Amino acid sequence: MQVPHSPETSLAHSQQLPRPRKPGWRVFLGRAAWSRYTYERPVGGDLKLLGSVSKGSQVGALAMTAEGEYVQVVGDYLVPLKAKEIAKAVANAPKEPNPVLSGETPSWLASRKEAPAPVVVVKKRRVAVMP
């Protein structure tokens, strides 16, 4: 048995659904994050690379200029970003939780020097003799 839907129930149901959220800036800090989008800049240059930034289809490295403005970097192309929005995203950004991605060798992957070398024994192969 099917229950007929009244316009009042569908109206109440549509009001309970949350509105889709506008995508905000997502920031990941660290060398591993920005190294996918640009090359390393010289120390004391006009750009300080911080991490990566993305919003929808816009992705790139996050950098700060000498004047203190945030920019998105892809290769050599710079896109200015709104400082207020990016500063909020940087404050909530994770800071390279995975040591494998940051270039450091984790302790469980480091080779142990106290382990003896394996012993390899080479045996002769049997050769079948035909009568």
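Keep in mind that what you see is a predicted model, and the values were worked out from it rather than measured. (Residues numbered from 1 in each chain as written. Predicted model: local features only at pLDDT ≥ 70, side-chain atom pairs only at ≥ 80, totals over all residues. Heavy atoms only, no water.)

Quick rundown of the sheet that holds strand S5 (residues 77–80)? Include the residues and the values.
Adjacent strands of a sheet form backbone hydrogen bonds with each other and so pair up, either parallel or antiparallel. Reading across from one edge, S1-S2-S3-S4-S5 is the order of the five strands in this open sheet, with antiparallel pairing throughout. Edge positions in the open sheet fall to strand S1 (26–29) and S5, since each of these has one partner strand only. If you compare each strand with its neighbour and ignore which way they point, the axes differ by 35 degrees on average. In the sheet, strand S3 (residues 58–65) pairs with strand S4 (residues 70–74) via four bridges, with the strands oriented antiparallel. Residue Met64 lies in a different strand from S4, and its bridge partner there is Tyr70. (Pairing = 2+ DSSP bridges. Helix = DSSP H or I, 4+ residues; strand = E, 2+ residues; numbered from the N terminus. Axes fitted to C-alpha atoms, helices over the stretch in contact; angles between N-to-C directions.)

Please provide a residue-by-residue account of the pattern of salt bridges, values included.
Counted under the stated rule, the structure contains two salt bridges. In this structure, Glu40 and Arg31 form a salt bridge, with 2.9 Å as the shortest nitrogen-oxygen distance. Linking Asp76 and Arg41 is a salt bridge whose minimum nitrogen-to-oxygen distance equals 3.7 Å. With a gap of 35 residues between them, Asp76 in the loop between S4 and S5 and Arg41 in the loop between helix H2 (31–34) and strand S2 (47–55) connect regions that are remote in the sequence. Given the relative accessible area of 58%, Asp76 is considered exposed. (Salt bridge = Lys/Arg side-chain N within 4 Å of Asp/Glu carboxyl O. Buried < 20%, exposed > 50% of the residue type's maximum accessible area, 1.4 Å probe, protein only.)

Talk me through the pairing of S3; I want residue IDs and the actual numbers.
In the sheet, S2 pairs with S3 via eight bridges, with the strands oriented antiparallel. Across the sheet, the residue bridging to Ser52 is Ala61, located in S3. Here S3 folds back onto S4 in antiparallel fashion, the turn holding four residues, of which Gly68 has a positive phi close to 95 degrees.

Talk me through the nonpolar core; I want residue IDs and the actual numbers.
If you look at the biggest cluster of nonpolar residues, it comprises 11 residues: Trp25, Val27, Leu29, Val53, Leu62, Tyr70, Leu81, Ile86, Ala89, Val90 and Ala93. Every element with two or more residues in this core is listed here: S1 and helix H3 (83–91). By residue number, the principal contributor to this core is H3, which donates three residues. The residues contacting Leu62, other than those within four sequence positions of it, are Val27, Lys48, Leu49, Leu50, Gly51, Ser52, Val53, Tyr70, Val71, Leu81, Ile86 and Val90. The next biggest cluster of nonpolar side chains, apart from the first, holds seven residues, and it includes Trp34, Leu47, Ala61 and Val73. (Core = buried A, V, L, I, M, F, W, Y, C linked by side-chain atoms within 4.5 Å. Contact = heavy atoms within 4.5 Å.)

Describe the packing of aromatic side chains, with residues and values.
Counted under the stated rule, the structure contains zero aromatic pairs. Arg41 extends its terminal NZ or CZ atom over the ring of Tyr39, reaching a point 4.1 Å from the ring centre. (Phe/Tyr/Trp six-rings, centres within 6.5 Å; stacked < 30°, edge-to-face > 60°. Lys NZ or Arg CZ within 6 Å of the ring centre and 35° of its normal.)

Run through the environment of Trp25, naming residues and quoting values.
Residue position: Trp25 is located in the loop between helix H1 (7–16) and S1. Along the chain, Trp25 and Val59 lie 34 residues apart, while their C-alpha atoms are 9.7 Å from each other. Ignoring any residue separated from it by four or fewer positions in sequence, one finds Trp25 in contact with Val53, Ser54, Lys55, Gln58, Gln72, Leu81, Glu85, Ile86 and Ala89. Among the polar contacts made by the side chain of Trp25, one reaches the side chain of Glu85 at a distance of 3.0 Å. (Polar contact = N/O pair within 3.5 Å; in protein donor to acceptor, adjacent residues only side chain to side chain.)

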